[in-house]
Amino acid sequence: MPSITAELVEQHHLIPEEYQKILEILGREPTITELGIFSVMWSEHCSYKSSRVHLKRLPTRGEAVVQGPGENAGIIDIGHGYVCAFKIESHNHPSFVEPFQGAATGVGGILRDIFTMGARPIAIMDSLRFGPIAESGFAGPPGTKPVNAYFNRRILRGVVSGIAHYGNCFGVPTIGGEAVFEPCYQNNPLVNAFALGIAKKDQIFYGRAGGSGNPVIYVGAKTGKDGIHGASLLASSEFSGSDGQQKRPNVQVGDPFLEKLLLEACLKAMQTGAVVGIQDMGAAGLTCSTCEMGGRGGTGIEIELDRVPQRETGMSSYEIMLSESQERMLLVAQRGREEEVYQVFRKWGLDAVEIGTVIDKPVLRVRQHGELVAEIPNDALTEEAPVYNRPIASPQRIVPLDPSVRIHARTGDELAQDLLKLLSAPAIASKRWIYEQYDTMVRTNTAVGPGSDAALLHVKETGQGLAMALDGNGRYCFLDPRRGARLAVAESSRNVSVTGARPLAATNCLNFGNPEKPEIMWQFYEVVEGIREACEALQIPITGGNVSFYNETDGRGIYPTPVLGIVGVLNRVESHVTLTFPEEGLTILLLGKHNISQQDFEIIFGSSQYAQTVLQSIWGLPPDVDLEREKKVQACCRQLIQAGLVRSAHDISDGGLAVAVAECCFGKNVGATIEIAQNENPLQWLFSEDPSQIMVTVHLDQVAETSRIAGQYNLSVAVLGTTGGNSLKISFDRQPLFEVPISLMKNLYESALEAAIEKI
Amino acid sequence: MKFGVVVFPGSNCDHDAYCAAEIMGQEAQFLWHESRDLQGSDVVILPGGFSYGDYLRTGAIARFAPILSSIKEFASRGGLVIGICNGFQILLEAGLLPGAMLRNRNLKFICRQVNIRVENAFTSFTNACSERQVLQVPIAHAEGNYFADPDTLIGLENSGQIVFRYCTPSGEITPEANPNGSLNNIAGIMSRKGNVLGMMPHPERACNPLLGSSDGRLIFASLIRAISLMGASKPELIKAR
Amino acid sequence: MKANIYVSPKKTVLDPQGATIRAALAGLGFGGVETVRQGKYFQILLSSNLTPAQAREQVERIAREVLTNPVIEEFTFQIEE
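All of these numbers come straight from a predicted model, not from anything done at the bench.

1. Some remarks on the overall build of chain A
Next up, step 1: When you go through chain A residue by residue, the secondary structure sums to 27 helices and 28 strands.
Next up, step 2: Computed over its C-alpha atoms, the radius of gyration of chain A comes to 26 Å, within 12% of the 27 Å expected for a compact globule of 760 residues.
Next up, step 3: Judged by the C-alpha coordinates and their principal axes, chain A covers about 90 × 55 × 45 Å.
Next up, step 4: Each of the 760 residues in chain A was classed as buried or not, and the buried ones make up 62%.
Next up, step 5: Counted over contacts in chain A with a minimum sequence separation of 6, partners at least 24 positions apart contribute 84%.

Pasting the structure below:
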């Protein structure tokens with residue numbers, strides 16, 4: 001057995017102070033296996049050592065919350081005796097190294113987190129970010145590396161087919177998400193996978209090892225050498241240019257068919273009543289699941305590695321403990337009732353092996369060939385892992401506050417061209433090319449699938465609707481992390497509200513650069529504050545999530561990118577509305593219309609999709625969302641939908657009002673005639689991305705009632721125009737400004753992404 | 001009447017088929033792949049999914065399952081069998097229907113609503129439809145590009161065995177309306193005796209207007225009618241023309 | 001003993017994967033490529049107790065009855081040692 005050298009410690013990404021702490025905890029030199037265990041459990045990915053002190057500030061309680069952060073997934077009560085479990089997790093680094101398998105195993109991992117809790121997964125969503133996929137376009141803020149669109153398209157294709165491969169075979173619909181393209185994600189794509197499941201309230205399971213003497217059972221795939229130090233180390237250090245190739249063997253290969261068997265068998269095994277606790281083996285595999293289950297249960301776990309099913313011969317204890325082979329679960333059963341559990345797994349053709357027992361002493365104890373190879377207190381690996389309050393310093397702005405280009409008044413023709421350009425920008429254009437590769441309908445619950453503000457699922461058991469949306473905006477957060485984070489919460493929540501559903505809780509995935517840099521830590525601090533402010537104001541607790549640091553390649557970080565996943569409930573699924581204009585002759589209203597000064601407009605316009613796509617520039621600040629008004633607008637919209645007044649609803653976001661109106665025309669080919677008042681600036685009116693505004697359609701004779709209800713919320717309602725015709729007609733001060741046929745807009749909107757991606 | 005829904009370990013549309021039968025007010029039961037007992041089912045559904053992972057070829061291993069031998073025997077006695085998506089692939093591999101599936105022309109999994117035209121309304125699966133009726137039913141598959149050699153294809157065409165073709169919303173059979181490259185826009189075929197149907201689109205996903213279409217109900221309604229006719233005047237089956 | 005089994009689409013069957021690869025190769029400047037057919041390759045390790053004749057018979061049956069779909073695919077195989 002090698003003695004532990006300083007070099008070995010460094011190779012395990014442990015700093016000397018951390019190694020000192022290990023010596024103190026153990027009172028002796030660790031074995032090599034123990035060193036490996038400490039290194040993965042104390043890695044950023046598993047320990048949250050840089051983020052913990054900040055995450056504590058997030059609101060996590062609420063009337064619907066059954067389980068907050070700290071378990072495999074958060075759980076909320078949706079009533080009628082049912083709960084829903086959901087979570088989002090990043091798989092960024094593996095998806096860069098090997099896009100197909102990286103994304104596939106990301107989906108596999110988040111699904112296991114859900115069914116581990118006893119919930120059957122019923123939905124997947126994915127938030128994806130890539131470098132630009134078109135050769136020409138915005139090149140990024142100063143200092144950004146040249147765009148390699150060919151490379152970015154290859155990563156996009158791999159990631160999408162990986163998600164499709166896993167989700168489709170597993171049999172859970174992928175019903176929404178986002179796909180964003182910015183130069184900063186070129187060498188650091190973001191793949192954040194979200195999953196949601198439902199369970200009966202009295203059938204929730206936790207990752208706790210209880211009852212000394214109970215058997216610890218290993219289920220699923222055999223353990224191989226793949227993925228050793230995979231997620232835990234890949235996600236805890238930066239990349240340098242050539243690493244991509246070198247790190248390839250660390251990425252695991254997923255088997256969705258096996259996971260489907262695991263799902264069915266685990267849910268059945270739970271029903272026997274013989275299962276005490278259960279946890280999946282994800283990052284840091286057997287190590288993490290054993291010490292966490294012991295830690296949560298206030299017990300210990302002792303295992304014998306010879307009993308662990310192995311794919312290769314001659315694996316060392318170090319390799320077995322650190323392997324990240326996929327599709328494996330660890331469960332604790334009641335002693336004497338093991339056979340009931342084995343029977344279930346046999347039916348599904350799965351290996352289930354007793355590899356150890358629950359013990360009283362709160363340690364992780366590992367033997368191989370009968371010899372002790374590791375014994376570490378659980379707390380040392382979990383609760384007492386190092387925590388850092390890293391230095392924070394606000395960075396120098398690298399883009400100006402004021403417009404770097406002059407914003408000229410535009411003619412009607414120019415504005416029409418601008419709209420078409422926005423509709424065909426990959427960030428705005430239809431994501432059909434992506435989501436048609438996903439099975440969006442399996443399980444026959446999908447009331448509203450991808451391409452809408454939020455996805456909506458029918459809960460057959462209760463007749464309810466479950467709305468969910470994923471949102472983030474890295475560009476906003478780059479310009480002002482706190483404002484950007486507040487906007488992400490507000491938008492995700494608004495997207496849920498426009499279906500008619502009431503937002504209940506959130507999960508978040510926080511993607512950042514290297515936390516050892518004070519300016520990155522400042523971004524992180526500000527983002528957490530922004531999320532806290534918005535979640536408190538909108539009364540949406542955070543039930544869990546994930547932090548991904550070290551999203552840097554060659555020293556350049558990504559935009560700070562928090563992604564919010566918000567889930568809401570609608571009492572009767574039939575009462576929902578969508579964004580599509582349902583028929584001609586409806587009045588189009590804007591709820592929460594507010595005016596900002598020309599000066600403020602010029603500053604916030606620099607954060608817009610228009611600035612990026614049309615002006616190819618970036619400056620200024622994102623809009624400063626007024627959270628009180630945001631809350632009122634959403635509540636009012638929900639009330640209007642519940643009252644049956646509203647026929648369609650869509651919020652204003654990327655691309656502004658013009659893009660929002662166009663999107664409403666496509667579903668049923670119903671056009672609109674819109675009037676911009678004489679006191680408005682058409683450019684601002686059409687393309688500014690002011691938050692807290694929702695466009696709704698109502699029957700003419702219900703405009704008064706709608707205004708009356710809005711008045712109760714102290715909200716203004718502006719009449720924008722009427723639906724009808726086969727084009728979008730915009731007039732300004734009663735003079736025609738421009739008119740674009742729906743067919744032209746729709747054709748560009750539908751085909752732009754495909755045209756960009758299918759280039760070889 | 002009883003709908004038997006076969007469950008392979010990788011089936012994932014089994015619950016959807018089960019629910020569809022329930023929506024139609026019928027009894028449904030699951031049939032485990034390792035069993036040989038059809039439990040008195042009046043109609044057997046082979047649902048969509050990935051049967052045994054489908055790593056070799058879709059449906060290639062499923063045809064060796066114990067339940068398949070019972071289904072073959074059931075079909076040979078004139079029993080009604082419907083294979084949907086992966087179920088269709090299994091029926092082809094098992095030789096209960098002619099032809100084979102290739103990967104979709106664009107090599108991708110495709111999930112979307114499509115239109116299919118009823119080519120033969122005098123079958124146990126379409127008697128509630130009118131001739132040439134256009135149904136909106138979703139597809140979700142990576143291998144639905146139907147292939148058969150020219151002689152087989154002519155045979156299918158001449159004996160009215162082609163039940164559904166991909167079409168435009170107004171019912172025209174065009175190359176653009178063909179999502180996956182299937183020969184002659186074929187979306188569903190039946191056996192010569194008319195009691196085994198394979199189709200790539202998912203009628204069980206089109207039984208609730210909330211989900212976008214309820215045209216799939218017509219296929220289940222047809223089956224229910226066919227079975228009650230069989231019960232009244234058995235064993236006369238509705239034959240292909 | 002080791003058997004190498006090659007399964008490929010029949011010549012009369014359109015091979016969309018092969019066609020796509022050919023198009024990609026042309027796009028990348030490999031002008032000399034006329035056709036590409038994509039197939040599958042299986043490696044099977046056989047018990048040394050089998051006689052060469054038994055091995056051939058088994059492998060042929062495996063290839064015909066399981067590994068290929070005769071409607072669209074054909075196969076060849078070799079046995080080593």
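2. Some thoughts on the overall build of chain B
Next up, step 1: From N to C terminus, chain B includes five helices and eleven strands.
Next up, step 2: Counting only C-alpha atoms, chain B reaches 45 × 40 × 40 Å along its principal axes.
Next up, step 3: Residues classed as buried in chain B amount to 60% of the 241 residues present.
Next up, step 4: In chain B, of all internal contacts separated by at least 6 residues, the share reaching a separation of at least 24 is 76%.

3. Concerning the packing of helix α20 (residues 518-538) of chain A against helix α23 (residues 627-642) of chain A
Residues and elements named next belong to chain A.
Next up, step 1: Where α20 meets α23, the closest approach of the two axes is 9 Å, and the angle between their N-to-C directions is 45°. Accordingly, the angle class assigned to the pair α20 and α23 is oblique. α23 is crossed by α20, and the crossing has right-handed handedness. Mapping the contact onto sequence places E533, A534, A537 and L538 in α20 and L627, E628, E630 and K631 in α23.

4. Points about the packing of helix α16 (residues 412-423) of chain A against helix α24 (residues 656-666) of chain A
Residues and elements named next belong to chain A.
Next up, step 1: Closest axis-to-axis distance for the α16/α24 pair is 10 Å, and the angle between their directions is 65°. Here α16 lies roughly perpendicular to α24, going by the angle between them. The interaxial crossing formed by α16 with α24 has right-handed handedness. Judged by residue contacts, L419, L422 and L423 of α16 engage A658, V659 and A662 from α24.
Next up, step 2: Of the residues contributing to the contact of α16 with α24, the split by class is six nonpolar, no polar and no charged.

5. As for the sheet that holds strand β5 (residues 174-181) of chain A
Residue and element names in this part refer to chain A.
Next up, step 1: The six strands are arranged β1-β2-β3-β6-β4-β5 in an open sheet whose pairing can be described as mixed. Among the strands making up the open sheet, the edge pair consists of β1 (65-67) and β5. On average, adjacent strands in this sheet sit at an angle of 20° to one another, irrespective of strand direction.
Next up, step 2: In this sheet, strand β6 (residues 190-200) lies alongside strand β3 (residues 82-90) in antiparallel orientation, the contact comprising nine bridges. Bridge pairing links I88 to F194 in β6.
Next up, step 3: Packing against the sheet, helix α7 (residues 99-115) makes contact with β3, β4 (120-130) and β6, and its axis sits at approximately 25° to β6.
Next up, step 4: The strands that helix α8 (residues 149-170) touches are β4, β5 and β6; relative to β4, the one it contacts most, it runs at about 180°.

6. Some words on the confidence of the model for chain B
Residues and elements named next belong to chain B.
Next up, step 1: Mean pLDDT over chain B stands at 94; residues scoring 70 or higher make up 96%.
Next up, step 2: In the predicted structure, residues 233-241 sits below a pLDDT of 50 and forms 24 contacts with residues beyond four places in sequence or in another chain.
Next up, step 3: Scoring of the predicted complex yields 0.94 for pTM and 0.95 for ipTM.

7. Observations concerning the interface of chain A and chain B
Next up, step 1: Listed per partner, the contact involves 23 residues of chain A and 22 residues of chain B.
Next up, step 2: Of the residues belonging to the side of chain A that touches chain B, the class tally is ten nonpolar, eight polar and five charged.

8. Considering the pairing of β5(A)
Within a regular beta strand, the side chains point alternately toward one face of the sheet and then the other, so they alternate between its two faces.
Next up, step 1: Most of β5(A) sits out of view: eight of its eight residues are buried.
Next up, step 2: At this point the chain moves from β4(A), through α8(A), to the parallel β5(A), and the crossover so formed is right-handed.

9. Side note on helix α2 (residues 66-76) of chain B
All names here are of chain B.
Next up, step 1: Residues of α2 that are buried: I67, L68, S70, I71 and F74. Buried residues of α2 fall within an arc of 160° about the axis and therefore sit on the same side. The exposed set on the far side of α2, more than 90 degrees from its buried face, consists of E73 and S76.
Next up, step 2: Close packing links the buried residues of α2 with β1 (2-7), β2 (27-32), β3 (43-46) and β4 (80-84).
Next up, step 3: A positive phi of about 95° marks G78, the residue just after α2.

10. A closer look at the confidence of the model for chain A
Next up, step 1: When pLDDT is averaged across chain A, the result is 94; 97% of the residues are at 70 or more.
Next up, step 2: Counting interchain partners and residues more than four positions distant, the pLDDT-below-50 stretch residues 241-248 of chain A has eight contacts.

11. As for the nonpolar core
Next up, step 1: Grouped together as the largest cluster of nonpolar side chains are 331 residues, with contacts concentrated most on A:C84, A:A123, A:M468 and A:V661.
Next up, step 2: Residues contacting A:A123, with those up to four places away along its chain left out, are A:V172, A:P173, A:I175, A:A195, A:L196, A:A455, A:L457 and A:M468.
Next up, step 3: Among the nonpolar cores identified, the runner-up in size contains five residues, and C:I5, C:V59, C:A63 and C:L67 belong to it.

12. Digging into the pairing of strand β9 (residues 300-304) of chain A
All names here are of chain A.
Next up, step 1: Of all five residues in β9, four are buried, a share of seventy percent or more.
Next up, step 2: Here β9 pairs with strand β11 (residues 352-359) via four bridges, running antiparallel. Bridged to I301 within β11 is V358.

13. Topic: the sheet that holds strand β18 (residues 542-548) of chain A
All names here are of chain A.
Next up, step 1: Strands sit in the order β14-β15-β16-β21-β17-β18 across an open sheet of six strands; the sheet is mixed. What marks the edges here is a single partner per strand, and that holds for β14 (446-448) and β18. Along the sheet, successive strands turn relative to each other by an average axial angle of 20°, direction set aside.
Next up, step 2: Direction of pairing for strand β15 (residues 455-459) relative to strand β16 (residues 464-471): antiparallel, over a ladder of five bridges. Directly across from L457, in β16, lies its bridge partner L466.

14. Overview of helix α19 (residues 481-497) of chain A
In an α-helix there are 3.6 residues to a turn, and that puts residues three or four apart on one side.
Next up, step 1: Look at α19(A): 24 Å from first C-alpha to last across 17 residues, which is about the 24 Å you get at 1.5 Å a residue.
Next up, step 2: Along α19(A), 17 of the 17 residues are buried, which leaves the element largely enclosed by surrounding structure.

Rules and cut-offs
Residues numbered from 1 in each chain as written. Chains lettered and ligands numbered in written order. Predicted model: local features only at pLDDT ≥ 70, side-chain atom pairs only at ≥ 80, totals over all residues. Helix = DSSP H or I, 4+ residues; strand = E, 2+ residues; numbered from the N terminus. Rg over C-alpha atoms; globule rule 2.2 N^0.38 Å. Buried ≥ 20, exposed ≤ 12 C-beta atoms within 10 Å, placed from the backbone. Contact = placed C-beta atoms within 7 Å. Axes fitted to C-alpha atoms, helices over the stretch in contact; angles between N-to-C directions. Parallel < 35°, antiparallel > 145°, perpendicular 65-115°, else oblique. Left-handed = near helix turned anticlockwise from the far one by under 90°. Nonpolar A, V, L, I, M, F, W, Y, C, P; charged D, E, K, R; others polar. Pairing = 2+ DSSP bridges. pLDDT = per-residue confidence, 0-100. Right-handed = clockwise from strand over helix to strand, strands pointing away. Arc of directions from axis to C-beta. Core = buried A, V, L, I, M, F, W, Y, C linked by C-beta atoms within 7 Å. Expected span 1.5 Å × (residues − 1).

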